[in-house]
Amino acid sequence: ESYRGHGCAARACRLLIPLMRAHRMRAVTISTSEDNAASVRTCENLGARMLGLYDLPEWTELYAQGERRVRVFLWDFGA
């Protein structure tokens, strides 16, 4: 709890950029639970763009765990 709100998750994501670029990735999609405010803030902090709120298919594990919708973001970290 003492580390919450300090941007550690966004910093950790940014540390992955060299690895993603090494695999010729320019962007990634990130999904998070509909009500996970901390993950939404992390995506916003990264500059990710929300693509939408999507219903989960019934056959997914998340659906079986009680989740029904996810927010999907596109994080374009460039060339």
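Asker: So what exactly am I meant to see when it comes to helix α3 (residues 37-46) here?
Answerer: An α-helical segment advances 3.6 residues per turn. Residues three or four places apart therefore align on the same side. Taken as a whole, α3 has its buried residues at Val-40, Thr-42, Cys-43 and Leu-46. Down the axis of α3, the buried side of the element spans an arc of 160°, and every buried residue falls inside it. In α3, the exposed positions angled more than 90 degrees off the buried face are occupied by Arg-41 and Glu-44. Elements in contact with the buried residues of α3: α1 (8-15), β1 (27-33) and β3 (69-76). Just downstream of α3, Gly-47 is the residue with a positive phi angle, here 85°.

Asker: Quick question: what am I supposed to make of the nonpolar core here?
Answerer: The nonpolar side chains of a soluble globular protein tend to be buried with one another. Formed by Ala-10, Ile-17, Met-20, Val-28, Val-40, Cys-43, Leu-46, Ala-48, Phe-73, Trp-75 and Phe-77, the largest nonpolar core amounts to eleven residues. Breaking this core down by element, the ones donating at least two residues are α2 (17-22), α3 and β3. Here the element with the most residues in this core is α3; it accounts for three residues. The contact partners of Cys-43, leaving out residues within four places of it in the chain, are Ile-30, Ala-48 and Phe-73.

Asker: What is the right way to read the side chain of Thr-60 from this model?
Answerer: Note that Thr-60 resides in the loop between β2 (49-55) and α4 (61-64). By relative accessible area, which is 15% here, Thr-60 ends up buried.

Asker: Quick question: what am I supposed to make of the pattern of salt bridges here?
Answerer: When their charged atoms lie close together, side chains carrying opposite charge are able to pair. One pass over the full model with this rule turns up one salt bridge. The partner of Arg-69 in a salt bridge is Asp-55, with the nearest N and O atoms 3.6 Å apart. With Arg-69 in strand β3 and Asp-55 in strand β2, the pair connects residues that are 14 residues apart, well separated along the chain. Take Asp-55: its relative accessible area is 59%, and that puts it in the exposed class.

Asker: Help me out: how do you make sense of unusual backbone geometry in this one?
Answerer: Despite not being glycine, Arg-24 has its phi angle at roughly 60°, a positive value. Mapped onto the secondary structure, Arg-24 falls in the loop between α2 and β1.

Asker: I would appreciate a short explanation of the sheet that holds β1 in the present structure.
Answerer: Strand pairing in a sheet takes place through backbone hydrogen bonds and is either antiparallel or parallel in direction. Across the sheet, which stays open at both edges, the three strands sit in the order β1-β3-β2 with antiparallel pairing between neighbours. In this open sheet, the two strands that pair with only one neighbour each are β1 and β2. Averaged over all neighbouring strand pairs, the angle between strand axes comes to 25°, with direction disregarded. Sheet analysis places β2 next to β3, joined by six bridges and oriented antiparallel. Residue pairing across strands places Asp-55 opposite Arg-69, the latter belonging to β3.

Scoring rules and cut-offs
Residues numbered from 1 in each chain as written. Predicted model: local features only at pLDDT ≥ 70, side-chain atom pairs only at ≥ 80, totals over all residues. Heavy atoms only, no water. Buried < 20%, exposed > 50% of the residue type's maximum accessible area, 1.4 Å probe, protein only. Helix = DSSP H or I, 4+ residues; strand = E, 2+ residues; numbered from the N terminus. Arc of directions from axis to C-beta. Contact = heavy atoms within 4.5 Å. Core = buried A, V, L, I, M, F, W, Y, C linked by side-chain atoms within 4.5 Å. Salt bridge = Lys/Arg side-chain N within 4 Å of Asp/Glu carboxyl O. Pairing = 2+ DSSP bridges. Axes fitted to C-alpha atoms, helices over the stretch in contact; angles between N-to-C directions.

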